[in-house]
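# Observations on the three-dimensional arrangement
As a plain string of letters, each chain reads:
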There are 2 protein chains.
Amino acid sequence: MRFISETSFDGVREQLFTLGEIPGVLWTPEDSVGTRPLVLMGHGGGQHKQAPGILARARRFVTECGFAVVAVDVPAHGDRPKVEEYDRIATENQARVEAGEELAQLMADFQALVARRTVPEWREVLDAVQQLDHVGAGPVGYWGVSLGCGLGIPFVAAEPRVRAAVLGLGGVLGQAEAAARITVPVEFLVQWDDERVPRDQSLSLFDALASTEKTLHANPGKHGEIPGFELESTLRFFARHLG
Amino acid sequence: MRFISETSFDGVREQLFTLGEIPGVLWTPEDSVGTRPLVLMGHGGGQHKQAPGILARARRFVTECGFAVVAVDVPAHGDRPKVEEYDRIATENQARVEAGEELAQLMADFQALVARRTVPEWREVLDAVQQLDHVGAGPVGYWGVSLGCGLGIPFVAAEPRVRAAVLGLGGVLGQAEAAARITVPVEFLVQWDDERVPRDQSLSLFDALASTEKTLHANPGKHGEIPGFELESTLRFFARHLG
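The rules behind these values
Numbering of residues begins from 1 in every chain and follows the order in which that chain's sequence is written. To label them, take the chains in the order written and letter them from A, then take the ligands in the order written and number them from 1. Only residues with pLDDT of at least 70 are given local features in this predicted model, and only at 80 or more are side-chain atom pairs given and counted; all residues enter the totals for whole chains, interfaces and linings. In computing side-chain properties, one takes all heavy atoms of the structure into account and sets aside hydrogens as well as water. Secondary structure elements are defined from DSSP: runs of H or I of at least 4 residues count as helices, runs of E of at least 2 residues count as strands, and each element is numbered from the N terminus. Restricting the calculation to C-alpha atoms gives the radius of gyration, and the globule rule supplies 2.2 Å times the number of residues raised to the power 0.38. The classification of residues rests on relative accessible area computed with a 1.4 Å probe and restricted to protein chains. Under 20% of the type maximum is buried, over 50% is exposed, and intermediate values are partly exposed. In what follows, a contact means two residues having at least one pair of non-hydrogen atoms within 4.5 Å. Accessible areas in this description were obtained via Shrake-Rupley with a 1.4 Å probe; residue shielding takes into account the shown protein chains only. When charges are tallied, Lys and Arg are placed among the positive residues and Asp and Glu among the negative ones, while His and the ends of the chain are skipped. Charged groups are reduced to one reference atom each: NZ for lysine, CZ for arginine, CG for aspartic acid, CD for glutamic acid. Patch membership requires more than 30% relative accessible area and the absence of a salt bridge. Residues of like charge join within 9 Å; the nonpolar side chains Val, Leu, Ile, Met, Phe, Trp and Tyr join within 5 Å. A pair is scored as a salt bridge if a Lys or Arg side-chain nitrogen falls within 4 Å of a carboxyl oxygen belonging to Asp or Glu. For Phe, Tyr and Trp, where Trp contributes only its six-membered ring, two rings pair if their centres lie within 6.5 Å, and the inter-plane angle classes them as stacked under 30 degrees, edge-to-face over 60, or tilted in between. For a ring to carry a charge above it, either NZ of a lysine or CZ of an arginine must fall within 6 Å of the ring centroid while also lying within 35 degrees of the normal to the ring plane. Multiplying one less than the number of residues by 1.5 Å gives the expected span of a helix. Throughout, the arc means the angular range of directions from the helix axis out to the C-beta atoms. Polar contact is the term for a pair of N or O atoms within 3.5 Å; when the atoms are in protein, one must be able to donate a hydrogen and the other to accept it, and sequence-neighboring residues count only if both atoms are side-chain atoms. Least squares is the method for superposing the copies, and the C-alpha atoms it fits come from residues with pLDDT of at least 70 in both. Each axis is a line fitted through C-alpha atoms, and for a helix only the stretch in contact is used; angles between axes span 0 to 180 degrees, taken between their N-to-C directions. Angles below 35 degrees are treated as roughly parallel, those above 145 as roughly antiparallel, those between 65 and 115 as roughly perpendicular, and all remaining angles as oblique. Polar here means any residue other than Ala, Val, Leu, Ile, Met, Phe, Trp, Tyr, Cys and Pro, which are nonpolar, and Asp, Glu, Lys and Arg, which are charged; Gly is therefore polar.

Looking only at helices and strands, chain A features 8 helices and 9 strands. Taking 243 residues into account, the globule formula puts the C-alpha radius of gyration at 18 Å, and chain A, at 17 Å, falls close to it. In terms of overall dimensions, chain A has a C-alpha envelope of 55 × 40 × 30 Å along the principal axes. Counting every position in chain A, which comprises 243 residues, the buried fraction comes to 57%. For chain A, restricting intrachain contacts to residue pairs at least 6 apart in sequence, the fraction spanning at least 24 positions comes to 68%. Of the roughly 10,300 Å² of accessible surface on chain A, a fraction of 51% belongs to carbon and sulfur atoms. Here chain A contributes 23 positive and 33 negative side-chain charges, whose respective centroids are spaced 3 Å apart.

If you want it as structure tokens, here you go:
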């Protein structure tokens, strides 16, 4: 793990790092020492580790809960190079959709392919970050919607350190088996008028989670329009389960 | 409006009253004066104005938000006499179900009949309670699930003083038209394994609400098993919209 830069702003220390070829960012309370809960955040498709939605939430997790938060770029996103295989598949998929195949299934297959790479990467990130004095081996949470849900479901299913997860804006296609292995508390966000994820696919993914404590929050609006008050709920959810 | 008794416990003043033939209870912060938000609570079927679920929530609304809370017995519930017409209908319905008619539709028709009485009663209760010095004409909220949702939907639709409502454990049958007239913020509770309200009926009732701000919270468990953390969410919802 190599640190590239460290800056502080408004009570939050931000450290950019690379772990092997993975570029990441770690946020912690300024001048903090000692073990604390850690939230790993998975960004959305086409976004990156410091996208506004990630940054805004990370700041709140740090300042209001005293957590550490880590986010890394998904392959072919942010500061990472293109992946030739992904480009080839994207081109093939375009042709297959034009030939009448269903986009949703192709997208699900593609996410599963990416997850085979991100799940071990994210576990390595946890290993490295939890070695740091100002993070330590405390309880871990996961936050990710949209692509962050598609990659988050297999990650949470595979990683026993994760004690609670906020997921959502994702459908059941290709996810049922992993979802059935998730038993930690989940807060699951649904946008009632999601133009990208059919409502019944969302509800079925919630249904597939094996967690005894899981709570679905549905709000009107499109895929990108999660209302601001859900962040308040997320903060309390993580505070309850990691704090 | 005639006050019958007044007691105080742990910061909450409880006043029993009758308004005409309606028995009611008003909770306010002990020694409070001046106008404050008021929450009207509708109890569940077979319950009454001081049922444990009502009482526990009312106390929290008073102690944590400084609200006034009022609840009255629904006709044929609590301290109110039997209603011959309701008994007759119940007996008829029993026979009709045995003859193959659908219970859900009969129940919906029955709730609509009761609502024709409770809607004007509850509006009278608001009129009377808002005259009191320690309540006043502040913003009004409504809380009611199960029967309290069945009667609450037409009440909230009819009463412009209500600025926010917590509803749930109810289906769309017979409620779509009133729900479509509700435009205030709603927090809507669904029990994912509700043995009394089919899931799609619940989701359709949420869907039918015309409110631009509405949020559905679904949790695993049966009809009566709303998890405790939903009360925290309800408190914040009312604080946000009435506070």
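All right, on to a nonpolar patch on the surface then. Residues and elements named next belong to chain A. A surface patch of nonpolar side chains, about 250 Å² in accessible area, is lined by Val97, Leu103 and Met107. Relative to the helices and strands, Met107 is located in helix H3 (residues 103-129). Judged by its relative accessible area of 42%, Met107 is partly exposed.

Another point: the environment of Cys149 of chain B. Residue and element names in this part refer to chain B. Along the chain, Cys149 falls in helix H4 (residues 147-150). Between the alpha carbons of Cys149 and Gln94 there is a distance of 23 Å; along the sequence they are 55 residues apart. Setting aside its immediate chain neighbours within four residues, Cys149 contacts Gly144, Pro154, Leu167, Gly168, Gly170, Gln175, Phe188 and Leu205.

With the rule as written, the count across this model stands at 18 aromatic pairs over all chains. Here Phe188 of chain A and Phe206 of chain A contribute two aromatic rings whose centre-to-centre distance is 6.0 Å and whose plane-to-plane angle is 40°, an arrangement assigned as tilted. Here Phe188 of chain A, found in strand E8 (residues 186-191), pairs with Phe206 of chain A, found in helix H7 (residues 199-208); they are 18 residues apart in sequence, far enough to count as distant. Here Phe206 of chain A falls in the buried class, since its relative accessible area comes to 0%. Between Phe3 of chain B and Phe17 of chain B, the ring centres sit 6.3 Å apart and the planes meet at 65°, which makes this aromatic pair edge-to-face. With a gap of 14 residues between them, Phe3 of chain B in strand E1 (residues 2-9) and Phe17 of chain B in strand E2 (residues 12-19) connect regions that are remote in the sequence. One aromatic cluster is present, built from ring pairs that chain together Phe61, Phe237 and Phe238 of chain A. The lysine or arginine in question, Arg240 of chain A, covers the ring of Phe229 of chain B, its NZ or CZ lying 4.4 Å from the ring centre.

So, about helix H2 (residues 84-98) of chain B. Residue and element names in this part refer to chain B. Here H2 contains 15 residues, and its C-alpha end-to-end distance of 21 Å stays within 8% of the 21 Å for a straight helix at 1.5 Å per residue. Listed in full, the buried residues belonging to H2 are Tyr86, Ile89 and Asn93. Mapping the buried residues of H2 onto a view down its axis gives an arc of 60°, with all of them on the same face. Along H2, the residues that are exposed and aim more than 90 degrees away from the buried face are Glu84, Thr91, Gln94 and Glu98.

Across the contact, 18 residues belong to chain B and 18 residues belong to chain A. Here chain B and chain A share 2 salt bridges between them. In this structure, the salt-bridge partner of Arg199 of chain A is Asp207 of chain B, at a minimum N-O distance of 3.6 Å. One can count 7 residue pairs in polar contact (both at pLDDT 80 or more) joining chain B with chain A.

When chain B is fitted to chain A, the best match, at an RMSD of 0.0 Å, comes from turning it 180° and sliding it 0.0 Å along the axis. The relationship between the two copies is best expressed as a two-fold rotation axis. The rotation axis passes nearest to the C-alpha of His217 of chain B in chain B, at a distance of 2.4 Å. Both copies present the same face, since 100% of the interface residues in chain B are matched by interface residues at the equivalent positions in chain A.

Once that is clear, we can look at the packing of helix H2 (residues 84-98) of chain A against H3 of chain A. Residues and elements named next belong to chain A. One way to put it is that H2 packs onto H3 with a least axis distance of 10 Å and a crossing angle of 170°. What the angle tells us is that H2 and H3 run roughly antiparallel. In this structure, H2 contributes Glu85, Tyr86, Ile89, Asn93, Arg96 and Val97 to the contact, and H3 contributes Leu103, Leu106, Phe110, Leu113, Val114 and Arg117. Here the residues of the contact of H2 with H3 sort into 8 nonpolar, 1 polar and 3 charged.

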